[in-house]
Amino acid sequence: MSLSIGTIAYGAVVIAGVTLFTIGTPDQHERRTAPAAPAAAAETGKAAPAPSVATGGGTTLHSVSFDIPNGERTFPGGAAADAINNNCLACHSAGMVLTQPAVSRSVWQGEVDKMRNFYKAPVAAADVPAIVDYLAKLADRKSPAMSGPPAR
Amino acid sequence: MDATAFKLAVRGHVNQALSLSLADVLAMPRVEVAAVNQCSGNSRGLFQPRVTGGQWANGAMGNARWTGVRLRDVLDRAGLKAGAVAVRFNGLDEPVVDGAPDFMKSLDIDHARDGEVMIAFAMNGEQLPLLNGFPLRLIVPGWYSTYWVKMLNDIEVLNAPDENYWMKTAYRIPDAPHASVKPGDSGFNTVPINRMVPRSFFTNVTDATTVKPGEAVAVRGIAFGGDCGVAQVEVSTDEGHNWQKTDLGRDEGAYSFRQWSTQLTAPQTGAMPLLVRCTNTKEEVQPAEANWNGGGFMRNVIERVQLRVA
């Protein structure tokens, strides 16, 4: 799970619309089955045990198995992005950073300090200047995401 | 996430610590509420000047019918000791890095026991999707989503105010009207973010909508009162000098979205600017000026669209 306020909000995306596409409807029973101990099933060659459910008051809750996909996006810019790519994708996406408004170098310094001090990001002090430098120059890339209010 | 192995702990300043299975929770008396779930920083991307954080437009909100058990009933089952002042909630999620602050939120004891705060196991009649907090999440009707802890598995009753990072440092708002200060202000008191404020939106027209001169235009949308119901939703076609009431849809309860609709007539030329504002049952109305704070929290300014006439 992610750490920053924004990232938590970012992760809670599917509230609006209330879709069940990620988990499926009750019909998609198989998908809701918690994985059986895979090693045991492989050894014995038996089918997975019956899916585990909790019931009460006329309601049944099905165990859930879900592979959270990893984002593939990295920070663009070649070697200049090495420090940020190596340090900053452990906890949140590149998108979380690249959609930020164009703020000053000192604000970016404050954000990196917050990540290290409050959220214990394992970023070596020696890497900080290169990371802040990259962030401070993001606006220069003239990404549409950086200019003005976002499209509604 | 194994539904038979999951346990909800209730501990701390209680007479009897509990370890409830999902079956235990499902066997308890249940309640249902339709309630808006809105991120504290919904609409942050629209702040001027801009602030850092998740760059939401208006989409970080949703409405659902939540089914579950009263938090009060769970707390009373454990029995609160004298001196209990707050209840803290923790979910199964953990920080990625050792030593980083685990996400926890707390409510004061009277709020926790108000009979409306609940622990939900279903959303719109289905078990909670994983992204919405399977198997249990806290529902705090009328309060921002930061309190609606997902994958809730630990309830700790406290005998002192909660000092954890996510209450003491994060998610705090200026203690000022509309939680608003000026950029660069400092030295003001802050409080944990709490109740929501009224909002209303157009859902069938945008700045890209074109209408014919003089045509009848159906305009509609949704509104919510914040921490109470919607009293009225009004629109203005003259930049807020005059307002006219709209028709409200079915009342699903004080904490739910409320649909609104009206018929307007497009002007003969130019543009059709529209404003919509909600007044809640506490007579609180949306402000004409947007608020500002460094966290990008609690935006609820009157929304405006401008239709083209052609």
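Residues numbered from 1 in each chain as written. Chains lettered and ligands numbered in written order. Predicted model: local features only at pLDDT ≥ 70, side-chain atom pairs only at ≥ 80, totals over all residues. Heavy atoms only, no water.

Side note on the sheet that holds strand E10 (residues 152–158) of chain B
Backbone hydrogen bonds hold the strands of a sheet together, and the pairing may be parallel or antiparallel. All names here are of chain B. The following threshold applies: What makes two strands pair is DSSP finding at least two bridges between them. Numbered from the N terminus, helices here are DSSP runs of H or I no shorter than four residues, and strands are runs of E no shorter than two. Axis geometry follows a simple rule: fit a line to the C-alpha atoms, using only the stretch in contact for helices, then measure angles between N-to-C directions, giving values from 0 to 180 degrees.
Taken together, five strands build an open sheet; the order of strands is E2-E1-E10-E5-E6 and the sheet is mixed. The sheet terminates laterally at strand E2 (18–21) and strand E6 (104–108), the two strands that pair on one side only. With strand direction ignored, the average angle separating the axes of adjacent strands in the sheet is 20°. Inspection of the sheet shows strand E1 (residues 7–12) paired to E10 by four bridges, in the parallel sense. Residue Gly-12 lies in a different strand from E10, and its bridge partner there is Val-157.

Quick word on the sheet that holds strand E13 (residues 199–202) of chain B
Residues and elements named next belong to chain B. Reading across the sheet, the four strands line up as E13-E15-E19-E18 and stay open at both edges, with antiparallel pairing between neighbours. The sheet is open, and its two edges are formed by E13 and strand E18 (247–248), each paired on a single side. Of the pairings in the sheet, the one linking strand E15 (residues 216–224) to strand E19 (residues 258–265) comprises eight bridges and is antiparallel in character. Across the sheet, the residue bridging to Gly-221 is Trp-260, located in E19.

Some details on helix H2 (residues 71–78) of chain B
Each α-helix winds once per 3.6 residues, and so residues spaced three or four apart point in a common direction. All names here are of chain B. Where we set the bar: For every residue, the accessible area obtained with a 1.4 Å probe (protein chains only) is divided by the maximum for its type, and the residue is called buried under 20%, exposed over 50%, and partly exposed between those limits. This arc is built from the directions going out from the helix axis to the C-beta atoms.
Buried within H2 we find Leu-71, Val-74, Leu-75 and Ala-78. Taken down its axis, H2 places every buried residue within 95° of arc, on the same side. Two residues or fewer past H2, Gly-79 is found with a positive phi of approximately 80°.

Examining the pairing of strand E1 (residues 53–56) of chain A
Residue and element names in this part refer to chain A. Residues Ala-54 and Gly-56 of E1 are buried on one face, while the alternating residues Val-53 and Thr-55, pointing to the opposite face, are not. Across four bridges, E1 lies against strand E2 (residues 59–62) in antiparallel orientation. Bridging from a neighbouring strand, Val-53 pairs with His-62 of E2. In this antiparallel pair of consecutive strands, E1 and E2, the connection spans two residues, and Gly-57 shows a positive phi of 55°.

A word on the nonpolar core
All names here are of chain B. What counts is decided by this rule: By convention a nonpolar core is built from buried Ala, Val, Leu, Ile, Met, Phe, Trp, Tyr and Cys residues, the set being connected through side-chain atoms within 4.5 Å. Domain segmentation is taken from an automatic or database assignment of domains.
Trp-66, Ile-119 and Ile-155 are the most contacted members of the largest nonpolar core, which has 72 residues in total. Looking at which element gives the most residues to this core, the answer is strand E7 (residues 118–123), with six residues. Domain assignment of the residues forming this core places at least three in each of domain 1 (7–170) and domain 2 (199–309). Residues Ala-223, Leu-264, Val-305 and Val-309 belong to the second largest nonpolar core, which totals 19 residues.

A short note on the pattern of salt bridges
Oppositely charged side chains are able to pair whenever their charged atoms sit close together. Residues and elements named next belong to chain B. This is how the line gets drawn: By definition, a salt bridge exists where a carboxyl oxygen of Asp or Glu is found within 4 Å of a side-chain nitrogen of Lys or Arg.
Tallying each qualifying case throughout the model produces 18 salt bridges over all chains. Residue Asp-73 is joined to Arg-70 by a salt bridge in which the shortest nitrogen-to-oxygen separation is 3.1 Å. By relative accessible area, Arg-70 is classed as partly exposed at 25%. Overlapping salt bridges, with partners in common, bring together Arg-11, Arg-88, Asp-154, Glu-156 and Asp-162 in one network.

Examining helix H6 (residues 128–136) of chain A
Residues and elements named next belong to chain A. This is how it is decided: Any two residues whose heavy atoms approach within 4.5 Å are treated as being in contact.
Every buried residue belonging to H6 is among Val-128, Ile-131, Val-132, Tyr-134 and Leu-135, and all of these are buried. Angular distribution of buried residues about the axis of H6 spans 160°; they occupy a single face of the element. Buried residues along H6 sit against helix H3 (82–88), helix H4 (94–98) and helix H5 (105–117).

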